[in-house]
Amino acid sequence: MPSSYPPNFPATSAAHQQPPQLSSSRRRPRVDSHSDPDTNDNTTRTAASNNLGKRPRSEYTFSPSAQLPTPHQQDPLQPTMSTKAQGKRPEFIDLTQNSSPGRPSNSSYGGGGGGRPGGITGLQPHLGPRKLVIKNLRQTTSTQRAGADEYYTRTRADLDNALDAIFAGRPTGEPMELLYRGVEDLCRKGEAESLYNRLKDRCDRWLTSDDGIGQLRKEVTANTTHFNVIEVTAAVMGVYRRWNARMLIVRKVYSYLDRSYLLLQSTIGKEDKGRQGVNDMAISLFRKAAFGPRSATKALPLGVMVLRGMITLIMQEREDQEREQIPGGLDRVQLLKDSITMLKVFGVYGKFFEPWFLEHSYEFYKEFAEQKSESCGLRDYIKQIDALLKREEHMCDFYGFDSTTKRQLLQDAHGVLITKYSEKLLDTGSVAKLLEAEDVPSMKALYQLLKLSGLQNKLKEPWDSYIRKTGSAIVSDTARGDEMVIRLLELRRSLYVMIRDAFDQDEVYSYGLRESFGGFMNDSKSTSAWGTGTSKVGEMIAKYIDMLLRGGLKTLPKSLLSDNKDKAIAERSGLAAAGDEDSELDTQLGHALELFKFIDGKDTFEAFYKKDLGRRLLLGRSASQDAERSMITKLKGECGANFTHNLEQMFKDQELSRDEMTSYKTWLAGTGKATKGGVDLTVKVLSHSAWPTYNDVKVTLPKEVLEQTTSFETYYQAKHTGRKLTWKHNMSHCIIKARFDRGPKELSLSAQQGSVLMLFNEVPDDTPLSYSQISQSTSLTGAELDRTLQSLACGKSRVLSKAPKGRDVSPTDTFTVNRAFADPKFRVKINQIQLKETREENKETHEKVARDRQLETQAAIVRIMKSRKTMGHAQLVAEVINQTKARGAVDPGEIKANIEKLIDKDYIEREEGNYVYLA
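Residues numbered from 1 in each chain as written. Predicted model: local features only at pLDDT ≥ 70, side-chain atom pairs only at ≥ 80, totals over all residues. Heavy atoms only, no water.

- For the chain, the name recorded in an unreviewed UniProt entry is Cullin, with Podospora comata as its organism.

See below:
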């Protein structure tokens, strides 16, 4: 049969012949759940118990894949067929086979041939629909139609009862499957529209009833100030959860309506476009009941209470207030998260909640900033603002706010908390306190806060101000001059760590650091406190490098040494190995060279560095020859080959002197003049032009040493005709073996100290020598003799005893050998005083630098005028400054004075306001 009618119509089913046994793959007839299981298939059944489980069909439809009824499912509307006809009738017709229409194939599916029944000629369903002519179609009777109407009426009642049970939270009276089929039958009958409207009306009535939110909405509308907004929010969310649970069951029952009618109607037909599905209908009804229709510009009172409750929850979360207990023990966090999700589902999040939330947040930020700015200092204000912004960002992510809400919220926060109070954040005095305290976390938080509003570069002004002020105080502190470079390096180190850890290696601040250091290190107001007329900073940098090259890393404070981060960066860069002492020493020399780059007075540095280098080389006090050469290479790369030419020559003289001494000892052995008196002489021949000038100190050497020096001078003059040797005994040193009561020692002494001690070998034991006797025998006088005797009798290692005792030496003192002298070391260094520069030497060096600078200035003026012939005063001064700035800054007043000197020497003359070259 092409179609079937709804069951339960008043007709009887005639008995028929038992069909052949079907195979296991055939579809079994559907059994009615209300039928008697003991009833035989051949017995007559009433309409009330016949096939209640079959799906009714309301239209005459036929699908190419539809199956004809089996003998067990014979259509009651067809006349009873004879047994013979039923036996010849095929149980299934294969419409895809090409056989004669309406005729079975040679073998029946249930018969003995085992073949498949024939199909309809030319019908190929996979190619599209075909017209099918059905003959002998019989119409239903009025009695049958009445039975169908009764079925549909009962189905509607069952669905209404089921909805009542679902909304009441009770089980439905009918099985869910029968309810689903009832919805399907009504839809097939053409009642989908009325069924949808009926369902929507029933849902709306329950939602607006007292069981839904009707009662709550009435009470809130009548008096909005009587209720606790959080409790109202919790109550609405409770109804919303029950509504979702009930509508989930309703959607299952009405899923056929949703899929076959509402889904199609929402996309087909202009007049029905926009038809809501069951789920959309449920959302729309609740939104309308709580917040109003979609087109509303203002929420209903109940919706306003929900929004206020959500805002209250958020404010309590921000202010960390003691939270009120919600009735029912609901979780406040989950309540807020579910509420936000509900608003997004309803589509009112951006329309009602977001503007209100942003407005309240803005006011909260204003109050917060005003309160904290008045009660907190900069450090605490930064901490409070940073913590608040992190909480706000976490809250947006945790509760599921939209990205647009989060972006606008943080923009408002940055504008109020940072931009509006930027004067407080950028206060020079407050920032200076954080930098002085080396508060890296606070400065990092401050930098990140300013970066959020694009104000990070404005921090450069207080940054530069702090560096200049602090650096100028260090440079002009005459009481702590010896610590100047260490303090400058500690300042630079702390600032470098700040840039590395707080400012994300921002080049703006690195440039500000270099610019500020160069500013205060060359500021005449800062350096004028020393009264030297030249760069005091250059001198102290040279002495600091001398200290490093003599004593190594042990002379440095730990605050200057590289930390683990620096070592990791160096290893990644391939510059050094972590824990390597030589590499660390090279790094520290590089830091000192960074300070050297800032100064303009490089001539002062050169003079003192050359003098200190000469002492280290002559006295053998360099900690590392590799470090010495590395420093020369660094200076050459920074200042050029002309700057280091003399320094390199000093190292060459050292090598030539070693070769010369080897040749001398060979000559001495060949002449048969062996070393007498146990004196092993080593002479270093120096180039006068390359080495610094040392003061000549007259001293009478012991006769054993004097014989050796005379022998070497004879050899040298015989080998190098025309050369003259000038002995610099004040830079000589010696090792003397001495015997004391507690054991022998080796004493490392200067030539002056050795000459004094050798006098005691010429007098009986314990015989004192007076101050005058020592002066007469050694030719030492004045301050030089006082320094020498003081180092031997009043210093840390007292190999002489002075009478009377005291820390100062006077002409009336007498001296004896301290036989009780003891020291844990076998070789004792007593010539440290020889390495120290006297005040007179320091002053003389500065004066020499000033004289050389004047000569360089005059030479620059002559070169310029020789090439230009005629120049104005301003142009000449500017050109001289430009040519001499590499060696040292020259004051314009000094340039003018040198111009006057050249005019007196007839190098240039004045003519009509200009200078004219004459020579």
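Moving on from the coordinates now.
Digging into the overall build of the chain
Alright, step 1. Summing up its helical and strand segments, the chain has 33 helices and nine strands in all.
Alright, step 2. Taking contacts inside the chain between residues at least 6 apart in sequence as the whole, the part at least 24 apart equals 71%.
Alright, step 3. For the chain, the exposed surface amounts to about 49,300 Å²; the carbon and sulfur share of it is 49%. (Helix = DSSP H or I, 4+ residues; strand = E, 2+ residues; numbered from the N terminus. Contact = heavy atoms within 4.5 Å. Areas by Shrake-Rupley, 256 points an atom, 1.4 Å probe, with all protein chains shown as cover.)

A closer look at the nonpolar core
Considering soluble globular proteins, one finds that nonpolar side chains tend to be buried as a cluster.
Alright, step 1. Membership of the largest hydrophobic core comes to 166 residues, with the highest contact counts inside it found for Tyr254, Phe291 and Tyr609.
Alright, step 2. For this core, the leading source of residues is helix H6 (residues 229-253), giving twelve residues.
Alright, step 3. Within the second largest apolar cluster, 27 residues are counted, among which are Ile736, Leu747, Phe760 and Tyr771. (Core = buried A, V, L, I, M, F, W, Y, C linked by side-chain atoms within 4.5 Å. Buried < 20%, exposed > 50% of the residue type's maximum accessible area, 1.4 Å probe, protein only.)

Some details on the confidence of the model for the chain
Alright, step 1. On average, residues of the chain score 80 in pLDDT, and 80% of them are at 70 or above.
Alright, step 2. Mean pLDDT in the chain bottoms out at helix H1 (residues 83-88), which sits at 44, and peaks at helix H13 (residues 403-419), which reaches 94. (pLDDT = per-residue confidence, 0-100.)

Focus on helix H12 (residues 378-399)
Alright, step 1. With 22 residues, H12 ought to run about 32 Å at 1.5 Å a step, and its terminal C-alpha atoms sit 31 Å apart, in line with that.
Alright, step 2. Among the residues making up H12, those that are buried are Leu378, Tyr381, Ile382, Ile385, Asp386, Leu388, Leu389, Glu392, Met395, Cys396 and Tyr399.
Alright, step 3. Following H12 by one or two positions, Gly400 has its phi on the positive side, about 80°. (Expected span 1.5 Å × (residues − 1).)

Re the sheet that holds strand S7 (residues 870-872)
Alright, step 1. Taken in spatial order, the three strands make up an open sheet running S7-S9-S8, and their pairing is antiparallel. Of all strands in the sheet, those bounded by a partner on one side alone are S7 and strand S8 (908-911). The sheet shows a mean angle of 30° between the axes of neighbouring strands, direction not considered.
Alright, step 2. Pairing of S7 with strand S9 (residues 914-917) involves three bridges; the strand directions are antiparallel. Bridge pairing in S9 places Gly872 opposite Asn914.
Alright, step 3. Sheet strands touched by helix H33 (residues 892-904): S8 and S9. Its angle to S8, the strand with the most contacts, is close to 100°. (Pairing = 2+ DSSP bridges. Axes fitted to C-alpha atoms, helices over the stretch in contact; angles between N-to-C directions.)

Quick notes on the environment of Ile385
Alright, step 1. Along the chain, Ile385 falls in helix H12.
Alright, step 2. Counting along the chain gives 29 residues from Ile385 to His414, while the straight-line C-alpha distance between them is 9.5 Å.
Alright, step 3. With sequence-adjacent residues up to four places away left out, Ile385 is seen in contact with Phe368, Leu417 and Leu449.

Remarks on a positive patch on the surface
Alright, step 1. Taken together, the side chains of Lys554, Lys796, Lys825 and Lys829 present a region of like positive charge at the surface.
Alright, step 2. Locating Lys796 in the fold gives a position in the loop between helix H30 (782-793) and strand S4 (800-803). (Patch = residues over 30% accessible without salt bridge, like charges linked within 9 Å, V, L, I, M, F, W, Y side chains within 5 Å. Salt bridge = Lys/Arg side-chain N within 4 Å of Asp/Glu carboxyl O. Lys, Arg positive; Asp, Glu negative; His and termini not counted. Charge placed at Lys NZ, Arg CZ, Asp CG, Glu CD.)

A few points about the sheet that holds strand S1 (residues 733-740)
Alright, step 1. Taken together, three strands build an open sheet; the order of strands is S1-S2-S6 and the sheet is mixed. The open sheet is flanked by S1 and strand S6 (827-829), the only strands paired with a single partner. Each strand of the sheet is rotated relative to its neighbour by a mean of 30°, with strand direction disregarded.
Alright, step 2. Where strand S2 (residues 743-750) lies against S6, three bridges are found, and the strand directions are parallel. Directly across from Leu747, in S6, lies its bridge partner Val828.

Digging into the pairing of strand S5 (residues 814-817)
Alright, step 1. Taken together, the two bridges between strand S3 (residues 769-770) and S5 define a ladder with antiparallel strand orientation. In the sheet register, Ser770 faces S5, and the bridge partner there is Thr814.
Alright, step 2. Two elements, S4 and S5, share four bridges in a ladder whose sense is antiparallel. Note on S5: the bridge partner recorded for Lys802 is Phe815.

A short note on unusual backbone geometry
It is generally the case that most residues other than glycine have a negative phi and that most peptide bonds are trans.
Alright, step 1. A cis geometry characterises the amide bond from Ala803 onward to Pro804, with omega recorded as -5°.
Alright, step 2. Located in the positive-phi region is Gln505, a residue other than glycine, with phi close to 55°.
Alright, step 3. Inspection of the secondary structure assignment puts Gln505 in the loop between helix H18 (484-501) and helix H19 (507-521).
Alright, step 4. Phi angles above zero are rare outside glycine, and Ser779 is one such case at about 70°.
Alright, step 5. Along the chain, the position of Ser779 falls in the loop between helix H29 (771-778) and H30.
Alright, step 6. By relative accessible area, which is 24% here, Ser779 ends up partly exposed.

Some details on the packing of helix H9 (residues 301-319) against H12
Alright, step 1. Contact geometry of H9 with H12 gives a least axis separation of 11 Å together with a crossing angle of 140°. It follows that H9 is oblique to H12 by the angle criterion. Relative to H12, the crossing made by H9 is right-handed. For the pair H9 and H12, contact is made by Ile314, Glu317 and Arg318 and by Arg391, Glu392, Met395 and Tyr399, respectively.
Alright, step 2. Classifying every residue of the contact of H9 with H12 by side-chain character gives three nonpolar, no polar and four charged. (Parallel < 35°, antiparallel > 145°, perpendicular 65-115°, else oblique. Left-handed = near helix turned anticlockwise from the far one by under 90°. Nonpolar A, V, L, I, M, F, W, Y, C, P; charged D, E, K, R; others polar.)

A closer look at the packing of aromatic side chains
Both the distance between ring centres and the angle between the ring planes are used here to describe each pair of aromatic rings.
Alright, step 1. In total, this model carries 36 aromatic pairs according to the counting rule given.
Alright, step 2. Note on Tyr664 and Trp667: the rings are 6.0 Å apart at their centroids and 25° apart in plane angle, and the pair reads as stacked. Here Tyr664 pairs with Trp667, and both are found in helix H26 (residues 641-671), just three residues apart, close to one helical turn.
Alright, step 3. Centre to centre, the rings of Tyr664 and Phe712 are 5.1 Å apart; their planes meet at 75°, and the pair counts as edge-to-face. Of this pair, Tyr664 sits in helix H26 while Phe712 is found in helix H27 (residues 703-719), placing the two residues 48 residues apart along the sequence. The burial state of Tyr664 is the same as that of Phe712; both residues are buried.
Alright, step 4. In textbook terms, an aromatic cluster arises when at least three aromatic residues are bridged by ring pairs, as seen for Phe167, Trp206, Tyr240, Trp243, Phe286, Phe291 and Phe346.
Alright, step 5. The ring of Tyr152 has Lys189 sitting right over it, with the charged end atom 5.1 Å from the ring centre.
Alright, step 6. One residue, Lys602, lies across the ring of Phe596, its end atom 5.2 Å from the ring centre. (Phe/Tyr/Trp six-rings, centres within 6.5 Å; stacked < 30°, edge-to-face > 60°. Lys NZ or Arg CZ within 6 Å of the ring centre and 35° of its normal.)

A short note on the pattern of salt bridges
Alright, step 1. Tallied over the entire structure, the rule returns 46 salt bridges.
Alright, step 2. Note that Arg379 is salt-bridged to Asp439, the shortest N-O span being 2.6 Å. Taken together, the residues Arg379 in helix H12 and Asp439 in the loop between helix H15 (428-436) and helix H16 (440-452) connect sequence positions 60 residues apart.
Alright, step 3. The partly exposed category is assigned to Arg379, whose relative accessible area is 34%.
Alright, step 4. Asp439 gets classed as buried once you look at its relative accessible area, which sits at 14%.
Alright, step 5. Between Glu539 and Lys536 there is a salt bridge, with the nearest N and O atoms lying 3.0 Å from each other. Highlighted residues: Glu539 and Lys536, both in helix H21 (residues 536-551), separated by three residues, approximately one helical turn.
Alright, step 6. Glu539 sits in the buried class, given a relative accessible area of 0%.
Alright, step 7. When salt bridges that share partners are traced, they join Arg493, Arg500, Asp501, Asp563 and Lys565 into one network.

Concerning the layout of surface pockets
Alright, step 1. The computed volume of the largest pocket comes to approximately 1,800 Å³.
Alright, step 2. Taken together, 50 residues make up the lining of the largest pocket; nearest its centre are Leu681, Thr682, Val683, Trp727 and Ser732.
Alright, step 3. For the lining of the largest pocket, the secondary structure elements donating two or more residues are H26, H27, S1, S2 and helix H28 (751-758).
Alright, step 4. Residue classes in the lining of the largest pocket are distributed as 23 nonpolar, 16 polar and eleven charged. (1 Å grid on protein atoms, 1.4 Å probe; cavity = no way out; pocket = protein on both sides within 12 Å on 5 of 7 lines; lining within 4 Å. Points joined across faces, edges and corners; volume = space filled by probe spheres on them.)

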